[in-house]
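Chain and residue survey
Letter by letter, the chains look like this.
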2 protein chains.
Amino acid sequence: MHTLPLVPRSEIEQRIHRLQSYLQEHQIDGVLLAQNVDLYYFTGTMQNALCYIPSAGEPVLYVKKSVVRAEFEAHVEVQPLGRMRELGAVLSERYGSIHKIGLELDVLPYATAHFYQKLFSEAEMVDVSFALRHIRSVKSAYELSQIKKAAQILDDTLTKVSSWLRVGMTELELVARIEYEFRLQGNINLWRMRGFNSELALGMVASGGTASTPTYFDGPAGGLGVSTASPQGASFREIKANEPILIDVSMIVEGYMVDQTRIAVIGELSAPILEAYEVARAILRKVEEQGNPGVAWQDLYATSLEMAKEAGLSDYFMGYGADQAKFLGHGVGIELDELPILAKGFSQLLEEGMVIAIEPKFTFPEQGVIGIENTYVVTANGLESLSVTPEEIMKIEL
Amino acid sequence: MHTLPLVPRSEIEQRIHRLQSYLQEHQIDGVLLAQNVDLYYFTGTMQNALCYIPSAGEPVLYVKKSVVRAEFEAHVEVQPLGRMRELGAVLSERYGSIHKIGLELDVLPYATAHFYQKLFSEAEMVDVSFALRHIRSVKSAYELSQIKKAAQILDDTLTKVSSWLRVGMTELELVARIEYEFRLQGNINLWRMRGFNSELALGMVASGGTASTPTYFDGPAGGLGVSTASPQGASFREIKANEPILIDVSMIVEGYMVDQTRIAVIGELSAPILEAYEVARAILRKVEEQGNPGVAWQDLYATSLEMAKEAGLSDYFMGYGADQAKFLGHGVGIELDELPILAKGFSQLLEEGMVIAIEPKFTFPEQGVIGIENTYVVTANGLESLSVTPEEIMKIEL
């Protein structure tokens with residue numbers, strides 16, 4: 001049918017095994033997956049389908065469109081979906097009666113979930129979304145290899161940025177060049193996010209005070225955007241000399257993202273801005289040591305808050321004033337807002353194989369955003385960076 | 001705060017007025033809007049917020065982030081959101097007790113809607129999503145002017161395509177060039193879709209048999225895509241001579257999209273492919289005449305099915321075999337899957353000002369997809385094309 005690389009069969013088997021262990025432990029009869037990313041993760045195909053994974057035994061992927069493509073790509077049994085109304089009966093016949101069914105209640109639209117509820121009128125619906133996200137947060141060697149490829153492409157592209165940058169070019173011109181290079185390397189141009197209303201194109205590329213424009217986006221940097229209908233990221237503003245140029249971008253390989261931030265400048269940055277940058281790097285060094293398996297997610301955030309405070313920069317950390325973001329990092333994978341979340345209230349523990357983008361940044365109104373971000377994997381010996389780009393500020397002579 | 005164009009105040013006032021008429025007619029006390037696109041449409045800002053619009057009186061936008069930006073952009077009263085748990089009480093205090101509240105149950109995640117339900121424990125929740133989409137389907141002169149600007153940029157870019165196209169370039173190279181040009185003109189690179197799991201980057205650009213690769217996407221063309229994690233649209237396949245090159249792309253201005261398809265070829269197309277193209281154009285001519293206010297949406301689809309049948313092309317119309325799409329066109333605006341839907345079962349009537357992308361296409365396995373798409377506005381005298389690109393096949397000499 002086609003020659004695109006398939007997800008290895010062993011990946012799918014291991015993932016289903018981990019999910020089934022969870023289901024058995026929590027006495028859930030099975031899950032009905034509907035979200036495209038979860039379907040891809042647990043079956044190997046992103047065709048329009050529903051997948052029932054029982055707590056024991058073989059899953060079935062019920063496909064609406066395209067059945068032939070799903071048959072080629074999936075590593076689970078494929079059946080045509082048929083009439084949705086009969087799905088409850090079809091599943092009972094195959095798996096016996098279902099008392100407790102897990103659904104992705106964090107993303108399933110209310111009307112859809114309500115419809116499913118009628119299909120399984122005798123079953124209790126439970127939200128398994130955190131469990132699914134938790135399973136997905138621990139990456140395999142296969143997944144890490146995709147993220148590493150993405151990190152290399154990102155780095156290759158950044159080495160060209162210094163030859164493009166000039167005073168008077170717009171933020172949008174810079175973004176368009178980066179996107180163009182990424183796209184030629186197979187970027188899918190879909191920066192998937194799980195959160196309701198969350199959306200992103202490429203990342204946050206903005207210069208000087210424009211980068212500090214507050215936005216709806218739950219992140220440390222904002223950006224003016226090109227219209228009120230896309231109020232974040234790059235704008236038509238021209239890049240000036242001697243101001244921080246924030247290049248926070250994500251490249252995607254086989255669905256997997258790397259997230260990275262570097263700073264460029266045409267000319268020189270002021271001493272306070274440079275000092276804040278060194279504080280951001282010091283925070284990275286500290287949490288790299290701290291980030292061992294068994295450490296609570298929130299502890300890394302607490303460390304960063306403390307270091308920002310010691311440096312007298314609390315007011316500018318991860319945004320300014322009422323628009324401060326309340327986290328230090330986020331999991332990345334097929335979605336940009338995966339687990340873990342390095343924020344207050346998350347007492348869950350780091351595990352080997354979790355992949356986290358950590359992004360200490362400082363926002364100075366009128367002056368801009370300065371900071372750094374690497375994507376890390378948690379290893380037995382702390383955090384190992386998957387980002388390969390040197391951390392020095394990219395300086396272009398005026 | 002910034003110099004981006006704002007949505008005119010009169011737009012917001014008219015939109016709220018139309019929604020309030022609906023609420024009064026259906027005895028709904030008010031709606032709580034949460035989705036970013038609906039928020040933008042009814043307030044003028046896309047900040048992170050909830051908007052309560054009562055059936056009579058003034059709406060309030062409760063903003064989480066960024067309050068200052070929302071205050072600058074919105075044409076309704078802005079209040080900081082405060083504690084979500086208190087929102088029910090805050091609203092009752094201001095608007096009196098709420099018995100029936102409208103929500104966007106087609107897009108609101110189940111867990112979120114469930115949380116709102118607790119806030120308004122004495123109120124009945126009703127789904128107003130179709131009504132919201134219906135109001136949004138009728139465009140104002142302001143909205144039409146944005147779509148016309150987008151159509152002009154799309155056309156300007158297409159005139160360059162013939163100088164780029166060459167045998168051996170990949171589909172992805174072509175897409176990257178188009179995206180680059182669009183981006184410099186302010187495209188936001190977010191092709192918003194309302195449907196669960198629906199996503200798109202630029203459109204469907206594919207060549208020859210690759211364009212006929214079936215996908216999950218609910219549309220007439222498929223495409224291989226660059227990976228199984230993005231199984232649609234352009235791929236790394238090289239463009240060959242004498243095959244149809246499908247260029248189905250959307251440009252976005254101030255959030256508003258135009259959707260258009262044209263065909264290019266390097267060399268010549270075969271007679272059967274050219275004949276199918278003329279059938280597609282004949283379908284457009286016929287429905288342009290038919291598409292008057294008061295005509296049922298489904299009638300235009302029925303016309304196209306009949307004409308495809310007369311031409312002996314039913315099996316190839318809007319996809320092939322089990323993967324045929326069951327519609328002729330879709331509304332476009334801030335989302336790519338707006339109302340109206342030209343499909344069986346939609347007996348609703350066309351209204352003046354509705355904007356519809358109509359896309360008769362034929363899919364020939366191994367050979368490719370051929371067809372055409374214009375974006376139209378419904379006028380008192382039938383459909384008027386907002387697309388300005390000549391319909392002739394773009395021929396490049398071998």
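In this convention, every chain numbers its residues from 1, walking through the sequence in written order. Here the convention is simple: chains get letters from A, ligands get numbers from 1, in the order in which they are written. The predicted nature of this model means local features are confined to residues of pLDDT at least 70 and side-chain atom pairs, given and counted, to a pLDDT of 80 or more, with totals for whole chains, interfaces and linings taken over all residues. Note: side-chain values were computed over all heavy atoms of the structure, leaving out hydrogens and water.

- Under an unreviewed UniProt entry, chain A has the name Xaa-Pro aminopeptidase and belongs to Baia soyae.

**Here's the deal with the overall build of chain A**
- The helix and strand tally for chain A stands at ten helices and 17 strands.
- Only C-alpha atoms enter the radius of gyration; for comparison, a globular chain is expected to reach 2.2 Å times N to the power 0.38, where N is the number of residues. Over its C-alpha trace chain A gives a radius of gyration of 22 Å, about what one expects of a compact globule, namely 21 Å for 398 residues.
- For chain A, the spread of C-alpha atoms along the principal axes amounts to about 70 × 40 × 35 Å.
- For every residue, the accessible area (1.4 Å probe, protein chains only) is compared with the maximum for its type, and the residue is labelled buried under 20%, exposed over 50%, or partly exposed between those bounds. Burial status across chain A gives 65% buried among its 398 residues.
- By definition, residues are in contact when any of their heavy atoms lie within 4.5 Å. Considering only residue pairs separated by 6 or more positions, chain A has 67% of its internal contacts joining residues 24 or more positions apart.
- When the accessible surface of chain A is summed, it comes to about 14200 Å², and 50% of that surface belongs to carbon and sulfur atoms. In DSSP terms, a helix is any run of H or I states spanning at least four residues, a strand is any run of E spanning at least two, and both are numbered starting from the N terminus. For every accessible area listed, the method is Shrake-Rupley and the probe measures 1.4 Å; residues are considered covered only by the protein chains on display.

**Looking at the relation of the copies chain A and chain B**
- Only residues with pLDDT of at least 70 in both copies count here: their C-alpha atoms drive the least-squares fit that superposes the copies. Once chain A is rotated about the relating axis by 180° and shifted along it by 0.0 Å, it coincides with chain B to within an RMSD of 0.0 Å. Expressed as a symmetry operation, the mapping of one chain copy onto the other fits a two-fold axis.
- When the interface residues of chain A are mapped onto chain B, 100% of them again fall at the interface, so both copies present the same face.

**What about the interface of chain A and chain B?**
- Taken together, the contacts link 69 residues of chain A with 69 residues of chain B.
- Here, a salt bridge means any side-chain nitrogen of Lys or Arg that lies within 4 Å of a carboxyl oxygen of Asp or Glu. Across the chain A-chain B interface, the total number found is four salt bridges.
- Close ionic contact of B:R183 with A:E179 constitutes a salt bridge, the shortest N to O distance being 2.9 Å.
- Two N or O atoms form a polar contact when they lie within 3.5 Å of each other; inside protein one atom must be a possible hydrogen donor and the other a possible acceptor, and for residues adjacent in sequence the pair counts only when both atoms belong to side chains. In this assembly, chain A and chain B are joined by 36 residue pairs in polar contact (both at pLDDT 80 or more).
- Counting residues per element, the ones that place at least two in the side of chain A that touches chain B are α2 (36-43), α3 (67-73), α5 (110-119) and α8 (171-184) of chain A.
- The leading source of residues in the side of chain A that touches chain B is α8(A), at nine residues.
- Side-chain classes follow a simple rule in which Ala, Val, Leu, Ile, Met, Phe, Trp, Tyr, Cys and Pro form the nonpolar group, Asp, Glu, Lys and Arg form the charged group, and the remainder, Gly included, forms the polar group. Residues that form the side of chain A that touches chain B fall into these classes: 36 nonpolar, 21 polar and twelve charged.

**With respect to unusual backbone geometry**
- For the bond from A:K65 to A:S66, the omega torsion is -5°, close enough to zero to count as cis.
- For A:S66, the location among the structural elements is in the loop between β3 (60-65) and α3.
- Despite not being glycine, B:Q27 shows a phi value in the positive range, around 50°.
- Inspection of the secondary structure puts B:Q27 in the loop between α1 (9-25) and β1 (30-33).
- With phi around 75°, B:E366 is a residue other than glycine that occupies positive phi space.
- Among the structural elements, B:E366 can be located in the loop between β13 (361-364) and β14 (368-371).

**Examining the packing of helix α7 (residues 141-164) of chain A against α8(A)**
All names here are of chain A.
- Only C-alpha atoms enter the line fits that serve as axes; for helices the fit covers just the stretch in contact. Angles between N-to-C directions range over 0 to 180 degrees. At a minimum axis separation of 10 Å, α7 and α8 run at an interaxial angle of 145°. For the crossing formed where α7 meets α8, the hand is right-handed. Contacts between α7 and α8 involve I153, L154, T157, K160, V161 and W164 from the former and L174, R177, I178, E181 and F182 from the latter.
- Class assignment of the residues belonging to the contact of α7 with α8 gives a composition of seven nonpolar, one polar and three charged. Definitions for this section: a left-handed crossing has its near helix turned counterclockwise from the far helix by less than a right angle. A right-handed crossing has that turn clockwise.

**Here's the deal with empty space enclosed by the protein**
- A cavity, in this analysis, means grid points on a 1 Å lattice covering only the protein atoms where a 1.4 Å probe fits yet has no way out; a pocket is instead an open set bounded by protein on both sides within 12 Å along at least five of seven lines, and a residue lines either one if it has an atom within 4 Å of a point. Grid points are joined across faces, edges and corners, and a volume is the space filled by probe spheres set on the points. As enumerated under the stated definition, the model contains four cavities of 30 Å³ or more in all.
- Around the largest cavity, the lining is made up of 37 residues, and of these A:M193, A:S198, B:M193, B:G195 and B:S198 lie nearest the centre.
- At the level of elements, α2 of chain A together with α2 (36-43) of chain B are the ones that each hand at least two residues to the lining of the largest cavity.
- The residue makeup of the lining of the largest cavity, split by class, is 16 nonpolar, twelve polar and nine charged.
- Around the second largest cavity sit 20 residues that line it, and A:R183, A:I188, B:A201, B:Q232 and B:G233 are the ones nearest its centre.
- For the lining of the second largest cavity, the element with the most residues is strand β7 (residues 203-207) of chain B, which contributes three residues.
- Looking at the lining of the second largest cavity, its residues break down into twelve nonpolar, five polar and three charged.

**Concerning the sheet that holds strand β1 (residues 30-33) of chain A**
Residues and elements named next belong to chain A.
- For two strands to count as paired, DSSP must find a minimum of two bridges between them. Across the sheet, which stays open at both edges, the six strands sit in the order β4-β3-β2-β1-β5-β6 with mixed pairing between neighbours. Looking along the sheet, the strands with just one partner apiece sit at the ends: β4 (77-80) and β6 (124-127). Ignoring strand direction, the axes of neighbouring strands in this sheet form an average angle of 25°.
- In terms of strand pairing, β1 meets strand β2 (residues 48-54) through four bridges, oriented antiparallel.

**Observations concerning the pairing of strand β5 (residues 100-103) of chain A**
All names here are of chain A.
- Here β1 runs beside β5; their pairing, made up of two bridges, is parallel. Across the sheet, V31 pairs through a bridge with G102, a residue of β5.
- The parallel pair β5 and β6 is bridged by α5, and the resulting crossover is right-handed. The crossover handedness rule: strands pointing away from the viewer, path from first strand over the helix to second strand clockwise, crossover right-handed.

**Examining the packing of aromatic side chains**
- Stacked, edge-to-face and tilted labels apply to pairs of Phe, Tyr and Trp rings (six-membered ring for Trp) whose centres lie within 6.5 Å, assigned for plane angles under 30 degrees, over 60, and everything in between, in that order. Scanning all chains against the criterion turns up 18 aromatic pairs over all chains.
- With a centroid separation of 4.9 Å and 50° between ring planes, the pair formed by A:Y52 and A:Y95 is classed as tilted. With A:Y52 in strand β2 and A:Y95 in helix α4 (residues 87-95), this residue pair connects regions lying 43 residues apart in the sequence.
- Note on A:Y95: relative accessible area 23%, which makes it partly exposed.
- Measuring from centroid to centroid gives 6.4 Å for B:F115 and B:Y116, while their planes differ by 55°, and the two rings are tilted.
- Judged by its relative accessible area of 25%, B:F115 is partly exposed.
- Counted as over-ring charges are cases with an Arg CZ or a Lys NZ within 6 Å of the ring centre that also lie within 35 degrees of the ring normal. Cation over ring: A:R15 sits above A:Y41, and NZ or CZ is 4.1 Å from the ring centre.

**Section: the UniProt feature "domain: Creatinase N-terminal" (unreviewed entry) in chain A**
- In the UniProt entry, the feature "domain: Creatinase N-terminal" (unreviewed entry) is given for residues 15-138 of chain A.
- With 44% helix and 23% strand, the stretch residues 15-138 of chain A has end C-alpha atoms that lie 10 Å from each other. UniProt positions are given in the numbering used here, feature names are shortened, and annotations may be inferred rather than shown by experiment.

**Remarks on the sheet that holds strand β15 (residues 374-379) of chain B**
Residue and element names in this part refer to chain B.
- Read from one edge to the other, the open sheet built from five strands follows the order β11-β10-β12-β15-β16, with strand pairing classed as antiparallel. The open sheet has two edge strands with one neighbour each: β11 (338-342) and β16 (382-385). Across the sheet, the mean angle from the axis of one strand to that of its neighbour is 30°, orientation sign disregarded.
- The pairing of β15 with β16 spans four bridges and is classified as antiparallel. Counted as the bridge partner of V377 is E384 from β16.

**Quick notes on the domain arrangement of chain A**
All names here are of chain A.
- Here the domain parsing of chain A yields domain 1 (9-136) and domain 2 (138-396).
- Domain boundaries shown here were taken from an automatic or database domain assignment. Computed over C-alpha atoms, the centres of domain 1 and domain 2 are 34 Å apart.
- On the domain 2 side, the residues contacting the 19 residues of domain 1 number 18 residues.
- Overall, the association of domain 1 and domain 2 removes approximately 1600 Å² of surface from exposure, summing both partners, and the carbon and sulfur fraction of that is 47%.
- Reported buried area values correspond to the accessible surface (1.4 Å probe) lost by two parts on association, with both partners' losses combined. When residues of domain 1 are sorted by the area they lose upon contact with domain 2, R133, H134 and R136 head the list and together hold 39% of the total.
- One can count five salt bridges joining domain 1 with domain 2.
- A salt bridge links R136 to E335; the nearest nitrogen and oxygen atoms lie 2.8 Å apart.
- At the level of secondary structure, the elements contributing two or more residues to the side of domain 1 that touches domain 2 comprise α1 (9-25), α2 and α6 (129-137).
- At six residues, α6 tops the list of elements feeding residues into the side of domain 1 that touches domain 2.
- Taken together, the residues that form the side of domain 1 that touches domain 2 break down as seven nonpolar, four polar and eight charged.

**A word on α1(A)**
All names here are of chain A.
- Any helix carries an expected span of 1.5 Å times its number of residues minus one. An ideal rise of 1.5 Å per residue puts 24 Å on 17 residues; α1 measures up with 25 Å between its terminal C-alpha atoms.
- Against β1, α2, β2, α6, α7 and β9 (256-266) lie the buried residues of α1.
- With its phi angle positive at about 50°, Q27 sits one or two positions after the end of α1.

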